[in-house]
Amino acid sequence: MTSPPSRAPSGTEAPAVTLISALQSLSRAQREAAARIAHELDWPRAGVAVLHLLAKCGPTSLTDLAAHLRVDLSVASRQVSTLADAGYVVRTVDTEDRRVRTVELTDAGRALAAEASQQYTNLIDRAFAAWSPEDLAEATRTLHRLVDTISADTAHRRSPQNQQEFA
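Residues numbered from 1 in each chain as written. Predicted model: local features only at pLDDT ≥ 70, side-chain atom pairs only at ≥ 80, totals over all residues. Heavy atoms only, no water.

**Re the overall build of the chain**
Part 1 of the reasoning: Summing up its helical and strand segments, the chain has six helices and three strands in all.
Part 2 of the reasoning: Helices (α) and strands (β) of the chain occur, in sequence order from the N terminus, as α-α-β-α-α-β-β-α-α.
Part 3 of the reasoning: The proportion of buried residues among the 167 residues of the chain is 23%.
Part 4 of the reasoning: Of the contacts made within the chain by residues no fewer than 6 positions apart, 47% connect residues no fewer than 24 positions apart. (Helix = DSSP H or I, 4+ residues; strand = E, 2+ residues; numbered from the N terminus. Buried < 20%, exposed > 50% of the residue type's maximum accessible area, 1.4 Å probe, protein only. Contact = heavy atoms within 4.5 Å.)

Rendered as C-alpha cells:
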C-alpha cells in the first residue's frame, strides 16, 4: 500500500501549484463525503446534488440547473430524468417559452433533500467540532474568494472574444 502524498509543500513548488494541489485534495474529500451520504441514502451522489440545489433555489430551468452544477446540459438532463422516474422531481414546460423546461421537487423530493441536508449538517458538525466560529468564517471567506477568482478566469476564457485562443 502506498502512502498518501504529503500535504506540506516541498519548498520547490510555486505557491499557486501548492494551492491547486490543496484544492484538488479538498475536492476529493468533498466528493468522498458526498458519496458516503448518497450511499447512506441509497441514491447516486449526482442526484443528491440536484435535489440539494432545487431545495435551495426552488423551481429552476434545466439550463440554469446545469449552469449551477457546472455540468453539460445533457448530464443535468440525465440526472433530472433519473430523479423524475423515481418521483423526486417533476418537469414542466414553461407556458411563455415552450422551449424552457422547469424542474421542481415533489413532496418526496423535498423529504429526500431534507434528509440529505440533515446528513450533511451532521457530517459538518462532527468534522468541524474543534473549529471556532471565527475559523469557520475565515475559511468560508477564503473559499468564496478562491471560487470567485477561478470562476472569473474561466468565464473570461469562455467569452466569445477569447474563443479564438482555444481554436
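Here the narrative resumes.
**Quick word on the pattern of salt bridges**
Part 1 of the reasoning: For the coordinates displayed, the defined rule picks out three salt bridges.
Part 2 of the reasoning: Between R110 and D107 there is a salt bridge whose closest N-O contact spans 2.5 Å. Here R110 and its partner D107 are both found in helix 5 (residues 107–127), three residues apart, which amounts to about one turn of the helix.
Part 3 of the reasoning: Judged by its relative accessible area of 60%, D107 is exposed.
Part 4 of the reasoning: Of the charged contacts in the structure, one is a salt bridge between R141 and E138, with a shortest N-O distance of 2.9 Å. With R141 and E138 both in helix 6 (residues 133–158) and three residues apart, the pair spans about one turn of that helix. (Salt bridge = Lys/Arg side-chain N within 4 Å of Asp/Glu carboxyl O.)

**Quick word on unusual backbone geometry**
Part 1 of the reasoning: Positive phi values are uncommon outside glycine, yet D42 reaches one of about 60°.
Part 2 of the reasoning: Within the chain, R70 stands out as a residue other than glycine whose phi angle is a positive 60°.
Part 3 of the reasoning: Mapped onto the elements of the fold, R70 is located in the loop between helix 3 (62–69) and helix 4 (73–85).
Part 4 of the reasoning: Taking the relative accessible area as the measure of exposure, R70 reaches 62% and is therefore exposed.

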